[in-house]
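# Structural overview
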Amino acid sequence: MSGTTEQPIRQQTQDERAENPQDRPAASLKELAGTLNPEVALVLDRALAAEDISAAEATLLFGATGPEYNATVLVADELRRRTVGDIATYVVNRNINFTNVCIKRCGFCAFSRDFREEEGYFLPIEEIVRRAQEAWDYGATEVCIQAGLPPQMEGDLYIRLCGAIKEALPDIHIHGFSPEEVLYGSVRSRCTIREYLEGLQAAGVGSLPGTSAEVLDQELRDRISPGRITVDQWTEVITTAHQLGIPTTSTVMFGHRETPAQLASHMALLRGIQQQTGGITEFVPLSFVHTEAPMFLKNLVQNVRPGPTGMDVVKMHAIARIMLNNWIPNVQASWVKEGSRMSQLLLTAGVNDLGGTLINESISTAAGAQHGQLMRPSEFRGMIRGAGRVPAERATTYQLRRVFSHTDEEHDPLDLVGENVEEIFGSYNRLVKLDTYRFEHPRHKQNAESAENNAESAEKDNQNSAFSAIPLRPLR
Ligand code: SF4
């Protein structure tokens, strides 16, 4: 027993509660709504009247707790219902992250490896095409291709990659190459961003992921990922793609060092782009996975949070719906980051899409996410039905392919793969251990090749020369 005297908790009297209208028991839902903070209520009313809320108003919503938080979620759900109805979608696709070797060192990235590290891998074009073919055979309509930036990359690699996939699979949609990769391809090819995008388009790219955005705030980027593509460059790649008729997605990474005001400005910037070009298909909030992120693990950046809280996640999606609803109709929950239970919950907070089957999720797995590498189509359908909505498979750019209005007995080929997913499709954890696809620096390759050529011609010389007696060895 401690020596302190416990005080009995005194209940407020009814008269005392009546002094503060917010504390007074509400006799009806309408009355309950009347107890909301008037400033928050005004913002939500404007959103319900189909007005665009400002970045400052969105910032206010990020601070919502209690009834104001619940009202924000309710309004997001209502706006979703009005704009896209009760259908919730998913896409059957495969991720091909063809190399983890990267010249950059973004503080949040646990996926990339230096070219000297043992775990660096690089898939050759034939293997990438084989993976795309395998995905197609399992019912995928899209391959999503993103990777690290390998040193001394041949500038036209991404373009040749698209050409090779399209030659084998003319009807597959290539959703590939983040603005950071497009910029790198253009720099390595010594051409403009527009010229590079034209090359990708001619080779068959269908859309670009709007990743490498994190938070579009230059000061914050300089802290968490110095040397990363700048806000202006990111905007240039995205708007140029739209001008050429290449649609893109859009994303945000949250739960690290950013402020609500930065998140709101980020969405305002995306909304401004969309108002000009109309080229953005969806918005995807991505929770920061801190477990293996260098800036958290090694304390490289001060004051980094260990990812968002559950309420942060719900608010991020709900406020995205409220802020972007008039311009970007689709808000996606990422099961890779949030898991299936939270993703289902987000369907009640403005979300109408659950992303792709992925088959080979690598980037979040490397960062310590625990949600697996594949989501089967039937699992998506179950989550959507459980939330009282109608599941549908979509194409990358949101045309509906199949709507499952009634309980479906259908099984997609991907539903029939057993538990041994890694055996069939491989996995990130296996790939980094395999010697078959070990990354070799082009400089070393060139040295080895020229040594081999030297050795070959010397061998010939030897054979032609009756006087040669020096044994030849390839140079190291
Ligand atoms: S986020 Fe992309 S560019 Fe940055 S280190 Fe990782 S792979 Fe490289």
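The structure under discussion appears in the preceding block.
Let me sum up the structure you'll find in this document. (Residues numbered from 1 in each chain as written. Predicted model: local features only at pLDDT ≥ 70, side-chain atom pairs only at ≥ 80, totals over all residues.)

### Re the overall build of the protein
Regarding its fold elements, the protein presents 20 helices and ten strands. A burial count over the protein gives 44% of its 476 residues as buried. Residue pairs at least 24 apart in sequence account for 76% of intrachain contacts in the protein once pairs closer than 6 positions are excluded. (Helix = DSSP H or I, 4+ residues; strand = E, 2+ residues; numbered from the N terminus. Buried ≥ 20, exposed ≤ 12 C-beta atoms within 10 Å, placed from the backbone. Contact = placed C-beta atoms within 7 Å.)

### Concerning the sheet that holds strand S3 (residues 142-145)
Spatial ordering of the open sheet is given by S2-S3-S4-S5, a layout of four strands whose pairing is parallel. If you trace the sheet from one side to the other, it starts and ends with strand S2 (93-96) and strand S5 (205-207), each paired once. When the angles between neighbouring strand axes are averaged without regard to direction, this sheet yields 35°. Inspection of the sheet shows S2 paired to S3 by four bridges, in the parallel sense. Looking at S3, one finds that Arg-94 is bridged to Val-143. (Pairing = 2+ DSSP bridges. Axes fitted to C-alpha atoms, helices over the stretch in contact; angles between N-to-C directions.)

### Quick look at the nonpolar core
Among the nonpolar cores identified, the biggest contains 115 residues, and Val-143 and Ile-322 are the most heavily contacted of them. Mapped onto the domain boundaries, this core takes at least three residues apiece from domain 1 (29-84) and domain 2 (87-431). Among all residues touching Val-143, those that are not within four sequence positions of it are Asn-93, Arg-94, Ile-96, Ala-132, Ala-135, Ile-165, Ile-172 and Ile-174. (Core = buried A, V, L, I, M, F, W, Y, C linked by C-beta atoms within 7 Å. Domains from an automatic or database assignment.)

### Focus on helix H9 (residues 193-203)
Along H9, the residues that are buried comprise Tyr-196, Leu-197, Gly-199 and Leu-200. Along the long axis of H9, the arc covered by the buried residues comes to 155°, so they all point the same way. Facing away from the buried side of H9, by more than 90 degrees, are the exposed residues Glu-195 and Ala-202. Against helix H7 (157-168), helix H8 (179-189), S5 and helix H11 (231-243) lie the buried residues of H9. Positive backbone phi, at 115°, marks Gly-204, one or two positions downstream of H9. (Arc of directions from axis to C-beta.)

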